Amino acid sequence: MTHDNGTPRAGISRRRLLQTGTAGMTLMMSSVAASRLAAQETSGQVIIGFSQEPTVMHPHMPHIEVDEGIHFNLFDPLFTVDPDGNFQPALVSEVPTVENGGISEDGLNWRVKLRDDVVWHDGEPFTAKDVKFTIELQQNPEFNAMRRTGHELVRNIQIVNDHELTWEMESPFAPYPAILSWTFMVPEHILGSAEDPNQTDFRNNPIGTGPFTFGERVAGNYILLNANPDYFGEGPHLEKAIWRYIPDMTVLYTQFRTGDIDVIGLQGIQPDRFEQAQQIEGREIIVAPSASVESISFNMGKPQFQDPEVRRALSLALDRKSIVEAIYYGVPTPTESFLPKESLYYNQDLPVAEFDPAKAAEVLDAAGWMPGADGIREKDGVRLSFKNSTTAGNSVREQAQQFYQQTLASIGVEMEISNLPPAVMWGEYWQMSEFDTVMVGINFSTGPDPDVSNYLHSSGISAQGGAGQNTWQYKNDRVDELLEKGGSLFVPEKRKEVYDEVQMIVHEDRPFLPIFQYANLRGHKTGLEGFKPNVNVRIETWNVGQWSWADS
Amino acid sequence: MLRFILHRFGHSLLLLFLVSILGFTILHLAPGGPLSQFALSPGMTQAELHKIAERMGLNRPLPVQWFDWFTGLVIGDWGHSFRDGRAVLDIIMGHLFATLLLVISSTILSVGLGTLVGVLGATRRYSAFDYLATVGAMIALSIPTFWFGLVAIYVFSLKLGWLPSGNMYSIGDESVLDYARHLIMPSCVLALVQVAIWSRYMRSSMLDVIDQDFVRTARAKGLARSRVLYAHILRNALIPMITLLGIQLPTLLSGALVTETVFTWPGIGRLFLDSLGYNDYPVIMGVLMFTAIFVLLGNLIADILVASVDPRVRLE
C-alpha cells in the first residue's frame, strides 16, 4: 500500500494472494474495504526509517529525540508550535496570551480554556483534570521527570470546570509557553492511580489524544501506529504509520534508495551522499534547518582564554566558509549567533566574522603574545597551547578540527586534538568545565523561545556551583541583567530588543565561535504531502497526522 | 556417562558464576552510565540526574548491586531494561527467534554445502574441482561480511529488484513465504564464510580417514565404492565435525551480528550492540549470561554427542 513510484518491486497484491490462512484473508479484505473509502477516509501507510530506536513511550520519562518522533503522534500538547514559531491551538480552544487575557500582564496568572470534544484513545473524555495531573506529575519529587524547568514555578492549579483551569506562577517565566508546546498531556484516569509513577504499564501501552493510536512495538524492529478515527483535529489521512529501526547509516540510505522506506528520518542522508541522493528518481530530498549551532567553545576558566584578544585572534583564524563548503558539502548555513536564523529573535545586524590569519597574528603580537623558543606564542608564562575535544568517531568533525589546527599552527598557536568517547566527553569533562576547547553542536533555544539563561547566565556555571549548562564559565553582568529582563517579558517586540543586545554582546565577547547552523538532509518518496521540517522541534515526524499520499 | 555429564555440568556452572562477576565488574568500570545520554537534553540538570540515579539504585556499592542482580538471575528474574522497562528475559526471547531463524537456516545451508564440497574435494583430490573449491574458499574467507552484504543488496534489491533489501518480514504480511523471501539474502551471506570453513575442515577430515588401514581393508574385501565412502569414511570423518559445530555456534552468533546489521534483522547481536550503546546494564548482562549459557550448552551437547557416536571416547 506504500506508494512506490518507479521501483520494479513485485506488487503487494500478488504477495497477498499467495498468502494462506484466515488472518491474511481478513487483512486483504480490510485493505480492499479501506481503499474503497479512500476518498473521505484514511488510506495508505507510510514507513519512516530511523537510525535510532524509539523505546520510551511515556513522554515525560527521560528520553531522546527519536522518542519524541512517536510522542508527537500519540499525544497532544495544549498548543503546538509551527515552523514559523507561532503557537497553534491543539487541546486548548485558544492559545493563552496577554492580549486575550489568558496570561496576566505580569505573567503571573494563567487561564486556560480547553476544547470540549477531545477523547482519549480509550474513549474517556479529556478534561481539565488531565492537565492538572500532567503539570503536577512534573513536580512530583518521586517521578523521573525529563524536564522540570518552568513547571516547577506553577502553583495553585484550580479546575474551574471540565474545560477551563487557572494557575499562578511563582515568578514570571516567558519561556513557559514554549515549554508547554512540548508538554504532552497524559491521562489522569490511567496514571493517577499508579503506586510508583516510574513503573507503569503506560511505558509500553501509551494512551493519548493524538492523531494515531498505539499499535505495536516489535523491539529492535519497528513501531506501528494506527489512525485514530476520533481525532479532533485535522487528519490523520494515513491508515498506518510505521517507524522502522535501521541502525546503520549506509543501510538506512540503501533502503531509502530501494524504496523499502518511504521517508528517511533521523539521522537522514549523510552530506557526502547529498549529490547522489538528488539523482534518485522518484525521491525528494529536503534540506531541513536544525536549531543546533556548531561552535568552537572556549573554557574561559583556563588562563589561555581569559584575554579577549586571544579569542578575537582565534576567531580571525577560523575559516568558516571552507569548513562549510569543503568539509560539510555546503549543507549547513554559516551563522553568527546562537539562535537559529529562522527565529524572530535572530539579530540580523551582527557583523560577519572575517577570516584573516595575518591579522590574527598581528592581534596576538599587539596583545603581547610572542613566539617562544619552540615557535609557540606565550605571555606571562602561559603558552598559547590547548586541547580541542569532541566525540570520538565523528570523522567529519575530525576533519574540521585538523583543518583549524593547521591554520593555528601557521600563526604560532598549538592545538592538540584529544577526542573522547561520548559518555566521557559529555559527562563531567564538559558539564564541569574540565576541557580547554570543544567542537560541539548545541541547541541553545527553548523551542521557539529565545531564552538562553541556562547557557549564558552566570548562575548556570556548574563548575562554580551553579545549575545550568554555562560550561564556558561565561560571566557578563550586562548579559545577566538582560537575560533576567528578557525572561519576564511576554511581548515579543519588547523581548526582541533585549535578545538583540544579548547576541551583540556575546558576539563581541566570544565565549564560543559559531561556525554554522546545522541542516539535516531528509528525503521522502515523491507524492508524500505534508512533510514539513520544523526548526522549533527536535524531530521531523512531528506532524505525521497531516501527511498524505497524492493521488497518482 | 552420567558422571561425565554431571562433572561437565558442574564446571559449566562455575564458569557462569565467574563470567557474571567479571562481566558485571568490567561493565560498571567503563565510564559513563545509562543516564549520561540525557546530560545534554534541554532542561535536564546534573542534580536531577543524580536523583534519578539514586532512585534507580545506581549509586549503591557495586558488590551490593551485583548481589541483587545475581540473586534475581538465579530465581529467574533477570531485571528490567532501563530503556523500555520490559523484562530482560522477554526482550531476549523476542530477539532470539530472529537470530535462531537466521543462524539455523544458514547452518543447514553451510553444513550441507560445505560437507558436499569437502567430500567431493577429498575424493577427487588435486582435481580441477578441488583447486576451484580451495580458491573459492580462500576468497569467501577474505571478503568482509558487511561488504558482501551490501553488494548483494545492490545487485538483488536495487538493480534486479528480486529480493527485499532487509528486515525479517513485511509488516502486515507475515506469511511463511514472506519470511522466506526476506531470509534468502542474509542466510546466504552468513553461510558464505561458513561454507568455506566447513568445506576445508571436511576435506582434511576425510583425508585423515581415507588412507587408514580399515578403509583399505574394506576396499580389499570388495565392498562397493559408495558403501566404503558412506559407511566407513564419511561416518568416521564426521566425528570431529560434531565438535566443530559446538565450537562454531558462538562464532555464528557473533558473525550474525554483522549480517543482522546489514539486513536490519532484529536479532540478539543487534540487541547487544544497542544495549551497549545506551549502557542498558540489565539487558547487556542478560545477553552476556544467555550467550555464555548457550556456548557452554553447545559444547556440552557436542561432547555428549561425540561420546555417544564414538565408542573410543566412551571407553575412557
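Note that this is a predicted model, so its numbers are computed, not measured.

## Topic: the overall build of chain B
Point 1. Of the regular secondary structure elements, chain B holds 13 helices and 0 strands.
Point 2. When the backbone C-alpha atoms are referred to their principal axes, chain B occupies close to 85 × 60 × 35 Å.
Point 3. By residue count, 33% of the 316 residues in chain B fall in the buried class.
Point 4. Put simply, 71% of the contacts in chain B that link residues at least 6 apart link residues at least 24 apart.

## Some thoughts on the environment of A:Val331
Residues and elements named next belong to chain A.
Point 1. Here valine 331 shows up in the loop between α10 (320-327) and β12 (333-334).
Point 2. Its 18 C-beta neighbours within 10 Å are what place valine 331 among the partly exposed residues.
Point 3. For the pair valine 331 and valine 287, spaced 44 residues apart in sequence, the C-alpha separation works out to 7.4 Å.
Point 4. What valine 331 contacts, discounting residues up to four positions off in sequence, is Pro271, Phe274, Val287, Ala519 and Leu521.

## Quick look at helix α16 (residues 477-486) of chain A
Each α-helix winds once per 3.6 residues, and so residues spaced three or four apart point in a common direction.
All names here are of chain A.
Point 1. Every buried residue of α16 is listed here: Val479, Leu482, Leu483 and Gly486. One side of α16 holds all its buried residues, which, seen down the axis, span an arc of 100°.
Point 2. Taken together, the buried residues of α16 touch α15 (453-456) and α17 (492-509).

## Some words on the packing of helix α4 (residues 88-123) of chain B against helix α7 (residues 176-210) of chain B
Residues and elements named next belong to chain B.
Point 1. At a minimum axis separation of 5 Å, α4 and α7 run at an interaxial angle of 35°. Between α4 and α7 lies a crossing of right-handed hand.
Point 2. Residues that form the contact of α4 with α7 fall into these classes: 19 nonpolar, 10 polar and 1 charged.

## So, the sheet that holds strand β6 (residues 164-169) of chain A
Residues and elements named next belong to chain A.
Point 1. Pairing is antiparallel in the open sheet, where 3 strands are placed in the order β4-β6-β5. Only two strands of the sheet have a single neighbouring strand rather than two, namely β4 (109-113) and β5 (154-161). Averaged over all pairs of adjacent strands, the angle between their axes in this sheet comes to 20°, without regard to strand direction.
Point 2. Looking at chain direction, β5 and β6 are connected through 5 bridges and run antiparallel. Looking across to β6, one finds that asparagine 161 is bridged to glutamate 164.
Point 3. The strands touched by helix α4 (residues 128-139) are β4, β5 and β6; relative to β5, the strand with the most contacts, the crossing angle is about 170°.

## As for the interface of chain A and chain B
Point 1. At the interface, 50 residues of chain A touch 46 residues of chain B.
Point 2. Secondary structure elements with two or more residues in the side of chain A that touches chain B: α1 (12-18), α2 (22-36), β8 (222-227), α7 (249-258) and α13 (422-425) of chain A.
Point 3. Of the residues assigned to the side of chain A that touches chain B, the class counts are 19 nonpolar, 21 polar and 10 charged.

## Some thoughts on the domain arrangement of chain B
Residues and elements named next belong to chain B.
Point 1. Looking at the assigned domains, one finds that chain B contains domain 1 (2-75) and domain 2 (88-309).
Point 2. Each of domain 1 and domain 2 has a C-alpha centre, and these two points are 32 Å apart.
Point 3. Between domain 1 and domain 2, the contact holds 17 residues from the first and 15 residues from the second.
Point 4. Elements with a contribution of two residues or more to the side of domain 1 that touches domain 2: α1 (2-29) and α3 (62-74).
Point 5. Sorting elements by how many residues they give to the side of domain 1 that touches domain 2 places α1 first, with 11 residues.
Point 6. In terms of residue class, the side of domain 1 that touches domain 2 is built from 10 nonpolar, 6 polar and 1 charged.

Each value, and the rule that gives it
Each residue is numbered by its place in its chain's sequence as written, counting from 1. Lettering for chains starts from A, numbering for ligands starts from 1, and both go in the order in which the items are written. Reporting of local features is limited, given that this is a predicted model, to residues whose pLDDT is at least 70; pairs of side-chain atoms are given and counted only at 80 or more, and all residues count toward the totals for whole chains, interfaces and linings. Numbering goes from the N terminus for both helices and strands, where a helix is a DSSP run of H or I of at least four residues and a strand is a run of E of at least two. Partly exposed residues are those whose C-beta has more than 12 but fewer than 20 other C-beta atoms within 10 Å; with 20 or more the residue is buried, with 12 or fewer it is exposed, and the C-beta atoms are placed from the backbone. We call two residues in contact whenever the C-beta atoms placed from their backbones are within 7 Å. Directions from the helix axis toward the C-beta atoms define the arc. Helix axes are fitted to C-alpha atoms over the stretch in contact, other axes to C-alpha atoms as well, and angles between N-to-C directions run from 0 to 180 degrees. The crossing is said to be left-handed when, going from far helix to near helix, the turn is anticlockwise and less than a right angle, and right-handed when the turn is clockwise. Side-chain classes follow a simple rule in which Ala, Val, Leu, Ile, Met, Phe, Trp, Tyr, Cys and Pro form the nonpolar group, Asp, Glu, Lys and Arg form the charged group, and the remainder, Gly included, forms the polar group. A pair of strands is considered paired only if DSSP assigns at least 2 bridges between the two. What counts as a domain boundary in this text is fixed by an automatic or database domain assignment.

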